[in-house]
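Coordinate inspection notes
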Amino acid sequence: MEKKFEVVVMGLGYIGLPTAALIAGNKIKVKGIDLNEEVVKTINKGKVHIVEPDLDGLVSKVVSEKLMQADTKPCEADVFLIAVPTPFKEDHKPDLSYVESAVEAVTPYLRKGNLLVIESTSPVGTTGKMADLVFQERPELKGDLFIAYCPERVLPGKILYELENNDRVIGGLDESSAQKAVNFYSRFVKGNLHKTNARTAEMCKLVENSYRDVNIAFANELSMICNEVDIDVDELIMLAGKHPRVNILNPGCGVGGHCIAIDPWFLVSEFGEKAKIIKAARDVNNHKADWVFKNIITTAEKFEREMKSKPVIATMGLAYKPDIDDLRESPALYIMKRLKKTDYKILAVEPNIPKYEGKDLVPYIEAEEKADIIVYLVAHREFKKRKIENKIVLDYCGVTK
Ligand SMILES: NC(=O)c1ccc[n+]([C@@H]2O[C@H](COP(=O)([O-])OP(=O)(O)OC[C@H]3O[C@@H](n4cnc5c(N)ncnc54)[C@H](O)[C@@H]3O)[C@@H](O)[C@H]2O)c1
């Protein structure tokens, strides 16, 4: 008889697919589940639907060796991992509906002794709530299921390496669940596995991303203050960094992506007034994009007054950070869209994407030639060391330094 699946991974996106492939690469049979039939078909052909270095080779290998298979419906297994999205709603409150429906989908397949792990970034208390959901339907499993929370902290572009090598925080609903999860992850993770309770692990993930957000906000705030007093913020940060205990991050045109721009809101929405700095950081980082927009407009208006013609503006970069194609929550995209609503001609450049909303994006060399004002929003490698002469250059990401 063919060996059954040991692991079910719910959600085959940026996190779930590399995780499933890595586990299968360690000779553990995995069934990956996604609601999207196209995703399932693509993976079963040994192909991938997301851009991530080396993922295509690994998926093709584990699918051809029958160590991984994709499907739209779960099946029985020993371990169930939940890696579905956790966005926020209009009011910035976390939307747990994806996690709930993934847990509901696996509940009929759970058996005594199984391990259920939530990997999706979640507000504090989510793992306990998901356990309640399971036991409402399957009260006979109480005391016989192991349930844990184990967040992801990988960097897009280095996901496969980091999945295997980063340390992980593993929080059980009880000690035996934490231990069971540690035993499982130790089969394919080389980083250290730190055992704790589920609530601390949930909080840990939110704190990591809030920490990054607060530190970026400090740099962004400095950049706006320095602009008032005509001080080069990049030089300032370099000099302040000569102090042995000061390490300031680089400012940008805001903060994007679907982690740092979102997860701090989970703390703000739950802890309100107590999360003052975290909320202020979100506000500063969002405000930075509006400030950049206004700054560009001020420069364009000055050009128009002096040259008696409207400038052509090139916006360099749309992604939320350098050298990737991900536009989620991108401040550069937001700024470009606001500029498009003005009556200036805008040349949108993003070397990592051919088209946006069906329209061709402008190659960066063409944009450099045609624009009067060149606005660097993202420090993509293509924009480094360019010789731009007789143009106005606005650099909001330090790429020209
Ligand atoms: N992408 C990252 O860099 C990153 C890093 C750390 C943590 N996270 C967290 O990991 C989680 C997953 O993020 P992602 O980037 O992989 O999301 P994603 O949008 O790339 O992928 C999620 C996948 O889940 C599928 N899905 C949705 N509901 C489902 C269900 N009920 N059953 C089965 N499949 C379902 C979707 O079709 C999609 O393919 C989120 O909580 C995110 O915050 C992401």
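The structure presented is a predicted model; accordingly, all values stated were derived computationally and were not measured.

**Overview of the pattern of salt bridges**
Evaluation of the coordinates by the stated rule reveals 28 salt bridges. Taking the shortest distance from any N to any O, the salt bridge between Glu38 and Lys41 comes out at 3.7 Å. Here Glu38 pairs with Lys41, and both are found in helix α2 (residues 37-44), just three residues apart, close to one helical turn. Ionic pairing is found between Arg138 and Glu140, a salt bridge with its closest N-O pair at 2.7 Å. Using a relative accessible area of 16% as the deciding quantity, one classes Arg138 as buried. What you see here is one network of salt bridges that share partners, running through Lys4, Glu76, Asp78 and Arg111.

**Details of the packing of aromatic side chains**
Taken as a whole, this structure holds six aromatic pairs when the rule is applied. Between the aromatic rings of Tyr364 and Phe383, the centroid separation amounts to 6.0 Å while the plane-to-plane angle is 70°, which identifies the pairing as edge-to-face. Here the residue Tyr364 occupies a position in helix α13 (residues 364-370), and Phe383 occupies one in the loop between β13 (373-376) and β14 (392-395), the gap between them amounting to 19 residues. Tyr364 sits in the partly exposed class, given a relative accessible area of 22%. Under the relative-accessibility criterion, Phe383 is labelled buried at 1%. Put simply, the rings of Phe184, Tyr185 and Phe188 pair up and form one aromatic cluster. In this structure, Lys29 is placed above the aromatic ring of Phe5, and the distance from its NZ or CZ to the ring centre is 4.9 Å.

**What about the sheet that holds strand β7 (residues 168-172)?**
Strand order across the open sheet formed by eight strands is β3-β2-β1-β4-β5-β6-β7-β8, with mixed pairing between neighbours. The two strands at the open ends of the sheet, each matched to only one other strand, are β3 (68-71) and β8 (193-197). Shown here is a sheet whose adjacent strand axes are inclined to one another by a mean of 25°, direction ignored. Across four bridges, strand β1 (residues 7-10) lies against strand β4 (residues 79-82) in parallel orientation. Among the inter-strand pairings, Val7 is bridged to a residue of β4, identified as Val79. Sheet strands touched by helix α5 (residues 126-137): β5 (115-118) and β6 (146-149). Its angle to β6, the strand with the most contacts, is close to 150°. On top of the sheet, helix α8 (residues 198-228) reaches β6, β7 and β8; it is set at about 115° to β8, its chief contact.

**Topic: the site of the ligand**
Close to the ligand lie 24 residues, the nearest being Tyr14, Ile15, Asp34, Thr86 and Thr121. Within the side chain of Ser101, one N or O atom sits 3.4 Å away from a nitrogen atom of the ligand. For the ligand, whose accessible area on its own is 830 Å², the fraction buried by protein is 89%. Each of domain 1 (7-206) and domain 2 (252-395) gives at least three residues to the shell around the ligand.

**A word on the side chain of His380**
Relative to the elements of secondary structure, His380 occurs in the loop between β13 and β14. Non-local contacts of His380, meaning those with residues more than four positions away in its chain, are made with Gly317, Ala319, Lys321, Pro322, Asp323, Ile324, Glu350, Pro351, Asn352 and Val399.

**Quick look at the nonpolar core**
One finds Val7, Ile43, Met68, Leu81, Phe184 and Tyr185 to be the most contacted residues of the largest nonpolar core, which totals 40 residues. At six residues, helix α1 (residues 16-25) tops the list of elements feeding residues into this core. With sequence-adjacent residues up to four places away left out, Phe184 is seen in contact with Val7, Ile23, Val79, Leu81 and Leu115. Grouped together as the second largest cluster of nonpolar side chains are 33 residues, Trp291, Ile373, Val375 and Tyr396 included.

**Notes on unusual backbone geometry**
Phi is mostly negative for residues that are not glycine, and the peptide bonds are mostly trans. The phi angle at Lys27 is positive, at roughly 65°, despite the residue not being glycine. The topology assignment puts Lys27 in the loop between α1 and β2 (30-33). Its identity is not glycine, yet His92 carries a phi of approximately 70°, on the positive side. Among the structural elements, His92 can be located in the loop between β4 and α4 (97-106). Residue classification places His92 among the partly exposed residues on the basis of a relative accessible area of 26%.

**Some words on the layout of surface pockets**
Size it by volume and the second largest pocket reaches roughly 410 Å³. Every element with two or more residues in the lining of the second largest pocket is listed here: α8, α9 (233-240), α11 (276-307) and β14. Across the lining of the second largest pocket, the residue classes tally to nine nonpolar, six polar and six charged.

**Looking at α2**
Spacing of three or four residues puts side chains on the same side of an α-helix, whose turn is 3.6 residues. Of all the residues in α2, the buried ones are Val39, Val40, Thr42 and Ile43. One side of α2 holds all its buried residues, which, seen down the axis, span an arc of 165°. Looking at the buried residues of α2, the elements they touch are α1, α3 (55-64) and β3. Put simply, Asn36 is the residue that caps the front of α2, since its side-chain oxygen is 3.0 Å from the backbone nitrogen of Glu38. At the C-terminal side of α2, Gly46 shows a positive phi close to 80°.

Rules behind the numbers
- Residues numbered from 1 in each chain as written.
- Predicted model: local features only at pLDDT ≥ 70, side-chain atom pairs only at ≥ 80, totals over all residues.
- Heavy atoms only, no water.
- Salt bridge = Lys/Arg side-chain N within 4 Å of Asp/Glu carboxyl O.
- Helix = DSSP H or I, 4+ residues; strand = E, 2+ residues; numbered from the N terminus.
- Buried < 20%, exposed > 50% of the residue type's maximum accessible area, 1.4 Å probe, protein only.
- Phe/Tyr/Trp six-rings, centres within 6.5 Å; stacked < 30°, edge-to-face > 60°.
- Lys NZ or Arg CZ within 6 Å of the ring centre and 35° of its normal.
- Pairing = 2+ DSSP bridges.
- Axes fitted to C-alpha atoms, helices over the stretch in contact; angles between N-to-C directions.
- Contact = heavy atoms within 4.5 Å.
- Near = heavy atom within 4 Å.
- Polar contact = N/O pair within 3.5 Å; in protein donor to acceptor, adjacent residues only side chain to side chain.
- Areas by Shrake-Rupley, 256 points an atom, 1.4 Å probe, with all protein chains shown as cover.
- Domains from an automatic or database assignment.
- Core = buried A, V, L, I, M, F, W, Y, C linked by side-chain atoms within 4.5 Å.
- 1 Å grid on protein atoms, 1.4 Å probe; cavity = no way out; pocket = protein on both sides within 12 Å on 5 of 7 lines; lining within 4 Å.
- Points joined across faces, edges and corners; volume = space filled by probe spheres on them.
- Nonpolar A, V, L, I, M, F, W, Y, C, P; charged D, E, K, R; others polar.
- Arc of directions from axis to C-beta.

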